[in-house]
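The residues making up each chain are set out below.
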Amino acid sequence: MSALNNHGNGGFSNSELRAVERNVLGGRRVLWAGVLAVLLPLVVLLGLQCWWLADLERNSAIARKAALDNYLGAISKEVRYFYYKISERALNLPPEALGQKSISKAGSYFKKKEIVGAKRLFVVSYLTRDPIYFYDPETHAMEVPTFSDETVAVWAAASPWAYLRKKGAKIDTTNLSVDQRDPDNRIILNPIVDDNWKLIGLVGMIVDEEFFAKELLPKAIAVSLPKFEKPKEELVVVVRDGQKRQILPQGEPTNPKNDRVKRNLDFIFTDWTLSLQGDFASPEKWARANFALNMTMSAALAAVLLGGIALTVRTTMREMKLSAMKNEFVSNVSHELRTPLSSIRVFGEFMRRGRVEDPAKVREYGNYIETESRRLTQLINNILDFSRIESGRKVYSFEPCDLEDILAGTLSTFAVRLRDKGFEITYQGPDEPVPETEVDANAIDRAVANLLDNAVKYSNGDRRIRLELERVGDEARISVSDHGIGIPRDELEKIFERFHRVSTGLVHDVKGTGLGLSLVRHIAEAHGGRVAVESEVGKGSRFTIYLPLTRPQGASA
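Residues numbered from 1 in each chain as written. Predicted model: local features only at pLDDT ≥ 70, side-chain atom pairs only at ≥ 80, totals over all residues. Heavy atoms only, no water.

1. Some words on the overall build of the protein
Okay, so step 1: Counting its regular elements, the protein contains 10 helices and 17 strands.
Okay, so step 2: Counting only residues that meet the buried cut, the protein has 41% of its 557 residues in that class.
Okay, so step 3: Counted over contacts in the protein with a minimum sequence separation of 6, partners at least 24 positions apart contribute 69%.
Okay, so step 4: Accessible area of the protein: about 31100 Å², with a carbon and sulfur share of 52%. (Helix = DSSP H or I, 4+ residues; strand = E, 2+ residues; numbered from the N terminus. Buried < 20%, exposed > 50% of the residue type's maximum accessible area, 1.4 Å probe, protein only. Contact = heavy atoms within 4.5 Å. Areas by Shrake-Rupley, 256 points an atom, 1.4 Å probe, with all protein chains shown as cover.)

2. Describing the confidence of the model for the protein
Okay, so step 1: Taken residue by residue, the protein gives an average pLDDT of 80. The fraction at 70 or more is 78%.
Okay, so step 2: Predicted confidence is poor over residues 1-13, with pLDDT under 50, and the contacts of this stretch with residues over four places away or in other chains come to 23 contacts. (pLDDT = per-residue confidence, 0-100.)

3. Here's the deal with the packing of aromatic side chains
Okay, so step 1: According to the stated counting rule, one finds 10 aromatic pairs in the structure shown.
Okay, so step 2: Between the aromatic rings of Tyr84 and Phe267, the centroid separation amounts to 4.9 Å while the plane-to-plane angle is 35 degrees, which identifies the pairing as tilted. Residue Tyr84 is located in helix H2 (residues 14-90), and its partner Phe267 is located in the loop between strand E9 (261-264) and strand E10 (273-277); the two are separated by 183 residues in the primary sequence.
Okay, so step 3: Its relative accessible area of 11% is what places Phe267 among the buried residues.
Okay, so step 4: With a centroid separation of 6.3 Å and 80 degrees between ring planes, the pair formed by Phe496 and Phe543 is classed as edge-to-face. (Phe/Tyr/Trp six-rings, centres within 6.5 Å; stacked < 30°, edge-to-face > 60°.)

4. Observations regarding the nonpolar core
Okay, so step 1: Ranked by internal contacts, the top residues of the largest apolar core, which has 48 residues, are Tyr71, Tyr83, Phe212, Val239 and Trp272.
Okay, so step 2: When residues in this core are grouped by element, the largest group, 9 residues, is from H2.
Okay, so step 3: The residues touching Phe212, leaving out its near neighbours within four places in the chain, are Val79, Tyr83, Leu217, Pro218, Leu265, Phe269 and Trp272.
Okay, so step 4: Core analysis: the next-biggest nonpolar cluster, separate from the first, contains 42 residues, Val434, Phe496, Ile523 and Ala526 among them. (Core = buried A, V, L, I, M, F, W, Y, C linked by side-chain atoms within 4.5 Å.)

5. Comments concerning the sheet that holds strand E7 (residues 236-240)
Okay, so step 1: Taken in spatial order, the 4 strands line up as E8-E7-E10-E9 in an open sheet, and their pairing is antiparallel. In this open sheet, the two strands that pair with only one neighbour each are strand E8 (246-248) and E9. Shown here is a sheet whose adjacent strand axes are inclined to one another by a mean of 30 degrees, direction ignored.
Okay, so step 2: Across 4 bridges, E9 lies against E10 in antiparallel orientation. Counted as the bridge partner of Arg263 is Leu274 from E10.
Okay, so step 3: In the packing of helix H5 (residues 209-224) onto the sheet, contacts are made with E7 and E8, and the angle to E8 comes to roughly 60 degrees. (Pairing = 2+ DSSP bridges. Axes fitted to C-alpha atoms, helices over the stretch in contact; angles between N-to-C directions.)

6. Re the pattern of salt bridges
Okay, so step 1: In total, this model carries 15 salt bridges according to the counting rule given.
Okay, so step 2: Where Asp271 meets Arg186, a salt bridge forms, and the shortest distance between an N and an O atom there is 3.1 Å. Of the two residues, Asp271 sits in the loop between E9 and E10 while Arg186 sits in the loop between strand E4 (177-179) and strand E5 (187-193), which places them 85 residues apart along the sequence.
Okay, so step 3: Here Arg477 ties to Glu475 by a salt bridge, and the two come within 3.8 Å at their closest N and O atoms. (Salt bridge = Lys/Arg side-chain N within 4 Å of Asp/Glu carboxyl O.)

7. Overview of the packing of helix H9 (residues 441-457) against helix H10 (residues 516-526)
Pairs of packed helices are described in terms of their axes, by the angle between the two and the distance that separates them.
Okay, so step 1: Look at H9 against H10: their axes get within 9 Å of each other, and the N-to-C directions meet at 145 degrees. The way H9 lies across H10 gives a crossing that is left-handed. Along its contact with H9, which presents Ala443, Ile444, Ala447, Asn450, Leu451 and Asn454, the element H10 presents Gly516, Leu517, Val520 and Ile523.
Okay, so step 2: Its residues placed into classes, the contact of H9 with H10 shows 7 nonpolar, 3 polar and no charged. (Left-handed = near helix turned anticlockwise from the far one by under 90°. Nonpolar A, V, L, I, M, F, W, Y, C, P; charged D, E, K, R; others polar.)

8. Topic: the sheet that holds strand E1 (residues 118-125)
Okay, so step 1: Strand order in this open sheet of 6 strands is E3-E2-E1-E6-E5-E4, and the pairing throughout is antiparallel. Each edge of the open sheet carries a strand with a single partner, namely strand E3 (141-143) and E4. In this sheet, neighbouring strand axes are inclined to one another by 30 degrees on average, regardless of whether the strands run parallel or antiparallel.
Okay, so step 2: Bridging between E5 and strand E6 (residues 199-207) involves 7 bridges; their strand directions are antiparallel. Paired with Ile188 across the strands is Met205, a residue of E6.

9. Considering the pairing of strand E16 (residues 530-536)
Okay, so step 1: Only one face of E16 is buried: it carries Val531, Val533 and Ser535, and the other face, with Arg530, Ala532, Glu534 and Glu536, is open.
Okay, so step 2: For E16 and strand E17 (residues 540-548), the ladder comprises 7 bridges, and the chain directions are antiparallel. Across the sheet, the residue bridging to Val533 is Phe543, located in E17.
Okay, so step 3: Linking two consecutive strands that pair antiparallel, namely E16 and E17, is a turn of 3 residues; a positive phi of about 85 degrees is found at Gly538 within it.

10. Some details on H5
Two residues of an α-helix separated by three or four positions point the same way, owing to the 3.6 residues in each turn.
Okay, so step 1: With 16 residues, H5 extends 21 Å between its outermost C-alpha atoms, agreeing within 8% with the 22 Å of an ideal straight helix rising 1.5 Å per residue.
Okay, so step 2: The N-terminus of H5 is capped by Asp208, whose side-chain oxygen sits 3.2 Å from the backbone nitrogen of Glu210. (Expected span 1.5 Å × (residues − 1). Polar contact = N/O pair within 3.5 Å; in protein donor to acceptor, adjacent residues only side chain to side chain.)

11. Focus: helix H4 (residues 149-167)
Okay, so step 1: With 19 residues, H4 extends 28 Å between its outermost C-alpha atoms, agreeing within 8% with the 27 Å of an ideal straight helix rising 1.5 Å per residue.
Okay, so step 2: Most pronounced at Ser159, the bend in H4 amounts to some 45 degrees, and the proline Pro160 follows within four residues.
Okay, so step 3: Within the sequence span of H4, burial applies to Glu150, Thr151, Ala153, Val154, Ala157, Ala158 and Trp161.
Okay, so step 4: The elements touched by buried residues of H4 are E1, strand E2 (132-136), E4, E5 and E6.
Okay, so step 5: Phi turns positive, to about 70 degrees, at Gly168, one or two residues after H4. (Bend = angle between axes of the 7 residues up to and from the residue.)

12. So, the side chain of Asp241
Okay, so step 1: Positionally, Asp241 belongs in the loop between E7 and E8.
Okay, so step 2: One polar contact links the side chain of Asp241 to the main-chain amide nitrogen of Gln243, over a distance of 2.9 Å.
Okay, so step 3: Excluding residues within four positions of it along the chain, Asp241 makes contact with Ile247, Asp271 and Trp272.

13. Observations concerning the environment of Phe414
Okay, so step 1: Mapping Phe414 onto the fold places it in helix H8 (residues 403-420).
Okay, so step 2: Its relative accessible area of 4% is what places Phe414 among the buried residues.
Okay, so step 3: Sequence separation between Phe414 and Asp453 is 39 residues; the distance between their C-alpha atoms is 8.8 Å.

14. What to know about the environment of Val116
Okay, so step 1: Mapped onto the elements, Val116 comes out in the loop between helix H3 (106-111) and E1.
Okay, so step 2: Between the C-alpha atoms of Val116 and Asp208, which are 92 residues apart in sequence, the distance is 8.7 Å.
Okay, so step 3: Among residues more than four places away in sequence, those in contact with Val116 are Phe82, Ile86 and Phe211.

Right, here's the structure in full:
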């Protein structure tokens, strides 16, 4: 049997395992060096950011004032956009509408367009007998106006254009023109040119000041205010006309000395001013608050980054630990494979050389070979099942089976091995019959075989093993009990994890792949059941597989 012993010492040598441990320790040192390499630049960056924020605080007053001014600019922009949009829709008449015969039809163009904000619409045509026509919104006709302030305002606004027409100058641009010489009749003009870029007329509107003050401005303020970063009630927009009269807000007058920021409108009503008043923070106070906020956010960002580094370190340490567990797994698998192979080789060699002539011995050696082959098959099946589970390709075939028949087959497989090693196994059947249950017979056999194999490995000299089958309510319970070395309490939740092996006491000295209990749990859960363990160090362990007698809907084939 010396050949058997020589072939049975498979796995890594102690020097190889120590080399693996040194590599793991070296990896941890490199990891911590990497952490320091990240933390030091982070501290430097936080210091630089603190200096930068302090400098920013000193310059934020100007930026704050610019932000307030931009808010007023947004209001002015809303006003300008409104009149550009209205003018583009209302004041774009085709050149042919300004002829002597077609001028009367110009009203039909205005009729088709929804126009708000205009007190009067008019056309100045240099192709007709009467140069000025006002649009009547009630009759939709174009009428020659009588003398009025509006007529004078239109004449004044059209005079520069009439001069260009008389000179025959080409109009390179047709941008809108605004005339505000009469504050009561502010005019927007759109020049109309022919194919040769010669001026043939003007289409214009007299702006409705009441609409502007009561509807357009409040709407522009309301639209622009949400873009501002401060609450609505902290500031007030004050609008004053060209005579310094307060237009908005209506009611109690405000003091111009309290204006924080002021600017004029920039398209029309350019003599009107917009200003900001209110109980909001001064630029200096705002800068200090902003500095504190930025420092808080920087500290929070640093904390999140440190948390990410800690999580990375934890994950890396776990991966390194898993790598070490896999190395140990390879060592143990090599041992587990070589041991039955060596036995099969030795007994086969004895029989081949004819050293065994006694038929009883031949049968005995044949039983040994068959037992070790089954043990080898079980180990290979465990590894293959683990691979399938990891890749999501593990399939179970559920059929009605008698659990007592499955357990009897499992025990017969272990009989030779257990008898040869002096084990005493006791089987306790159910007090009441267990009905046939839909299970994967091979999977249940493999799960029980793994539990029996564990009981044998960790027996620690006590050769008593007990296998039980019982029915409790709607469950069947399969239990394997031993009187071996037991499992520490803090390891009970971990022993069903892949590759996990108890790292203390006598348990660590026993060879194993670390896959058996992980497969047992997967098999039990695939059947809609579970596996539990009760153990006490020095007294033994009891593993129980709980199987529902009726396969649940969630159990997959």
